[in-house]
Amino acid sequence: MRRLLWAVAVAFLLGSALAGGGGGGEGGTAPSDPAPSDPAPSSSQYRAAIVANAVSDGSYDVWACSQPSLATYTTARGLVATGSSPHKSSYMAHNARLYVDGTLVARSPDVVKRVSGASETNYLTSIAPATVAHRLSCPQALVAAITARGWHKAISIYGYSVTLYTSDVTYG
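This structure is a prediction, so every number in the text was calculated from the model and none was measured.

A. Up close: the packing of aromatic side chains. Per the counting criterion, the structure on display carries 1 aromatic pair. Residues Y46 and Y160 carry aromatic rings whose centres are separated by 6.4 Å and whose planes lie at 45° to one another, so their mutual orientation is tilted. Of this pair, Y46 sits in helix α2 (residues 43-53) while Y160 sits in the loop between β7 (145-156) and β8 (161-171), and the two are 114 residues apart along the sequence. Owing to a relative accessible area of 26%, Y160 belongs among the partly exposed residues under this scheme. Just above the ring of Y73 sits the side chain of R135; from NZ or CZ to the centre is 4.1 Å. Sitting over the face of the ring of Y99, R149 holds its NZ or CZ atom 4.3 Å from the ring centroid.

B. Focus on unusual backbone geometry. The omega torsion of the bond from S85 to P86 falls at 10°, within 30 degrees of zero and hence cis. Turning to its location among the elements, P86 is positioned in the loop between β2 (73-81) and β3 (89-100). With phi around 50°, D101 is a residue other than glycine that occupies positive phi space.

C. Spotlight on the pattern of salt bridges. For the structure on display, the rule yields 3 salt bridges. Here R77 and D61 are joined by a salt bridge, their closest N and O atoms 3.0 Å apart. You can see R77 sitting in strand β2 and its partner D61 sitting in the loop between β1 (55-60) and β2, a full 16 residues away along the chain. When its relative accessible area of 15% is taken as the criterion, D61 is described as buried. The residue E120 makes a salt bridge to K88 at a minimum N-O spacing of 2.8 Å. With E120 in the loop between β5 (111-114) and β6 (130-137) and K88 in the loop between β2 and β3, this pair connects stretches of sequence that are 32 residues apart. We classify E120 as partly exposed; its relative accessible area is 25%.

D. Representation of the pairing of β1 within the structure. Taking every second residue as pointing to the same face, the buried face of β1 carries S56, G58 and Y60, while none of V55, D57 and S59 on the other face is buried. Strand direction decides the pairing type here: β1 and β2, joined by 6 bridges, are antiparallel. What sits directly across from D57, in β2, is L79.

E. How the structure looks around the sheet that holds β1. Pairing is antiparallel in the open sheet, where 3 strands are placed in the order β1-β2-β6. Looking at the sheet topology across the chains shown, the edges are occupied by β1 and β6. On average, adjacent strands in this sheet sit at an angle of 15° to one another, irrespective of strand direction. Judged from the 8 bridges that link them, β2 and β6 form a sheet pairing that is antiparallel.

Rules behind the numbers
Residues numbered from 1 in each chain as written. Predicted model: local features only at pLDDT ≥ 70, side-chain atom pairs only at ≥ 80, totals over all residues. Heavy atoms only, no water. Phe/Tyr/Trp six-rings, centres within 6.5 Å; stacked < 30°, edge-to-face > 60°. Helix = DSSP H or I, 4+ residues; strand = E, 2+ residues; numbered from the N terminus. Buried < 20%, exposed > 50% of the residue type's maximum accessible area, 1.4 Å probe, protein only. Lys NZ or Arg CZ within 6 Å of the ring centre and 35° of its normal. Salt bridge = Lys/Arg side-chain N within 4 Å of Asp/Glu carboxyl O. Pairing = 2+ DSSP bridges. Axes fitted to C-alpha atoms, helices over the stretch in contact; angles between N-to-C directions.

Printed below as a string of structure tokens:
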């Protein structure tokens, strides 16, 4: 009888161990399969994402010129943003330039972000916007063409490189 009980106990423990049970009422841990990786985009898909997410915006503070006179000023602004969503990038850079009637009046420093060891789990999809501003008299702002131009560069985690320029014109 003792042998029978011992054989049943051993069979139970072996069965529990093979089934992944932890014994003593503890549950085992389920195996974890890695998540499937996103399919790599083509170079044209990556470029399309950069084109769709690259923005330049030029404006001036209209409210400041509600009473235009020679001693009233406003601020002309340029803003540039770059993104690659939904695709993954290892490098992004941009800068903003502000023109008044075709003359460059201000340029932002380059904003650059690089990911070391970029991969499916270590990547960028956007960087901080670049902004630039210039003080402008209201009489000039009311008739000027204020242009924000952006330079954008991005490199995907697969090595595709895209460089492009964007532009936005605001007429006073």
